[in-house]
Amino acid sequence: MEDGTVERARPRDRILETAQDMFHKHGIKGVGIDAITEAAGTNKMTLYRHFDSKDDLIIQCLRATACKAGAMWERFEIEHPGDKLAQLHAWVRIAADMLKADGRGCDMANAAVELSETDHPARRVIKELKEAQRDRLVTLCRDAGIGQAELLADTLSLLLEGARVSVQSVGTEGPSAQFVRMAEGLIVSFRGTAAG
């Protein structure tokens, strides 16, 4: 241990957590390796021992963000075992809570906007992770008895993405304040279509 402190996080974990936080707050292009290493209390040599490049660090940050989102899905299953419709409503509530808690939006969507080069290595990872999230929401909608599960999942996803942008533009009192009402209305509408 570099400083003899048992509780201090490992250098790789410190770098990753610091980079995630800084990328989220300031954007990927707004944060350099020097700033990350200084904030993480390490140096470039240590960073490059754990990450091949800034691009590799970006990719690992995006994957870590996806892992946190995965924990959210597990929580739905624990809190509402076997009740897929209740899990879908829990997704809506968590999404609404995220809108209120943080005006910076989705890290993956923000990264996709910043990293506009189509051949950037993180773009493939963003696409893969976003598709996995979509597939999970489609499965949840289907398991909740929604006849047009893909259409509802895509509609809810676009509603959430739009709400995130709205929060960044006009704050939480703008159109995003209606997110729960709109999302719940969509679920009711799609369930009614399936039943009818």
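Residues numbered from 1 in each chain as written. Predicted model: local features only at pLDDT ≥ 70, side-chain atom pairs only at ≥ 80, totals over all residues. Heavy atoms only, no water.

### Here's the deal with the pattern of salt bridges
It is possible for side chains of opposite charge to pair when their charged atoms get near one another. Under the definition given, this model contains 14 salt bridges. Note that D34 is salt-bridged to K44, the shortest N-O span being 3.1 Å. Linking D34 in helix 2 (residues 33-40) with K44 in helix 3 (residues 44-50), this pair joins segments that are 10 residues apart in sequence. Using a relative accessible area of 41% as the deciding quantity, one classes K44 as partly exposed. Here R75 ties to E79 by a salt bridge, and the two come within 3.1 Å at their closest N and O atoms. Separated by four residues within a single helix, R75 and E79 lie in helix 4 (residues 54-79), roughly one turn from each other. Via salt bridges that share partners, R134, D135, R142, E150 and D154 belong to a single interconnected network. (Salt bridge = Lys/Arg side-chain N within 4 Å of Asp/Glu carboxyl O. Helix = DSSP H or I, 4+ residues; strand = E, 2+ residues; numbered from the N terminus. Buried < 20%, exposed > 50% of the residue type's maximum accessible area, 1.4 Å probe, protein only.)

### Description of the nonpolar core
The nonpolar side chains of a soluble globular protein tend to be buried, and buried together. Judged by nonpolar contacts, the single largest core of 30 residues is most densely connected at L88, W91, L137, C141, L152, L156 and F179. Among the secondary structure elements, those contributing two or more residues to this core are helix 4, helix 5 (84-101), helix 7 (121-143), helix 8 (149-170) and helix 9 (179-195). The dominant element in this core, judged by the number of residues it contributes, is helix 5, at nine residues. Discounting residues that sit within four places of it in the chain, L137 has contacts with W73, L88, W91, A153, L156 and S157. (Core = buried A, V, L, I, M, F, W, Y, C linked by side-chain atoms within 4.5 Å. Contact = heavy atoms within 4.5 Å.)

### A word on helix 4
Its 26 residues place the ends of helix 4 38 Å apart at the C-alpha level, agreeing with the 38 Å of an ideal helix rising 1.5 Å per residue. You can read the cap of helix 4 off the contacts: a side-chain oxygen lies 3.3 Å from the backbone nitrogen of D55, and it is on S53. (Expected span 1.5 Å × (residues − 1). Polar contact = N/O pair within 3.5 Å; in protein donor to acceptor, adjacent residues only side chain to side chain.)

### Regarding the environment of I33
With respect to the secondary-structure elements, I33 resides in helix 2. Judged by relative accessible area, I33 falls into the buried class, the value being 10%. Remark: the alpha-carbon pair of I33 and L47, spanning 14 residues in sequence, is separated by 8.4 Å. Not counting chain neighbours up to four residues away, the residues in contact with I33 comprise K44, L47, Y48, K54 and L57.

### Topic: the confidence of the model for the protein chain
Per-chain confidence: the protein chain averages 91 in pLDDT, with 94% of residues scoring 70 or above. Of all the helices and strands in the protein chain, helix 9 carries the lowest mean pLDDT, 88, while helix 2 carries the highest, 96. (pLDDT = per-residue confidence, 0-100.)

### Regarding the side chain of Q87
By secondary structure assignment, the location of Q87 is in helix 5. Residues in contact with Q87, not counting those within four places in the same chain, are F76, E77, H80, G82 and L140.

### Quick word on the packing of helix 7 against helix 8
Where helix 7 contacts helix 8, the two axes come as close as 8 Å, and the packing angle between them is 125 degrees. When the axes of helix 7 and helix 8 are compared, the pair comes out oblique. With respect to the hand of their crossing, helix 7 and helix 8 are arranged in right-handed fashion. Residue-level inspection shows K130, R134, L137, V138, C141 and R142 of helix 7 in contact with helix 8, the latter providing A149, E150, L152, A153, D154, L156, S157, E161 and R164. When grouped by side-chain class, the residues that make up the contact of helix 7 with helix 8 number seven nonpolar, one polar and seven charged. (Axes fitted to C-alpha atoms, helices over the stretch in contact; angles between N-to-C directions. Parallel < 35°, antiparallel > 145°, perpendicular 65-115°, else oblique. Left-handed = near helix turned anticlockwise from the far one by under 90°. Nonpolar A, V, L, I, M, F, W, Y, C, P; charged D, E, K, R; others polar.)

### Thoughts on the packing of aromatic side chains
Enumeration according to the criterion identifies one aromatic pair in this entry. Measuring from centroid to centroid gives 5.7 Å for W73 and F76, while their planes differ by 70 degrees, and the two rings are edge-to-face. Linking W73 with F76, this pair stays in helix 4, spanning three residues, or about one helical turn. Each member of the pair, W73 together with F76, is buried. (Phe/Tyr/Trp six-rings, centres within 6.5 Å; stacked < 30°, edge-to-face > 60°.)

### Description of the side chain of R164
Turning to its location among the elements, R164 is positioned in helix 8. Judged by its relative accessible area of 15%, R164 is buried. Not counting residues within four places of it along the chain, the set of residues in contact with R164 comprises M98, L99, G105, C106 and K130.

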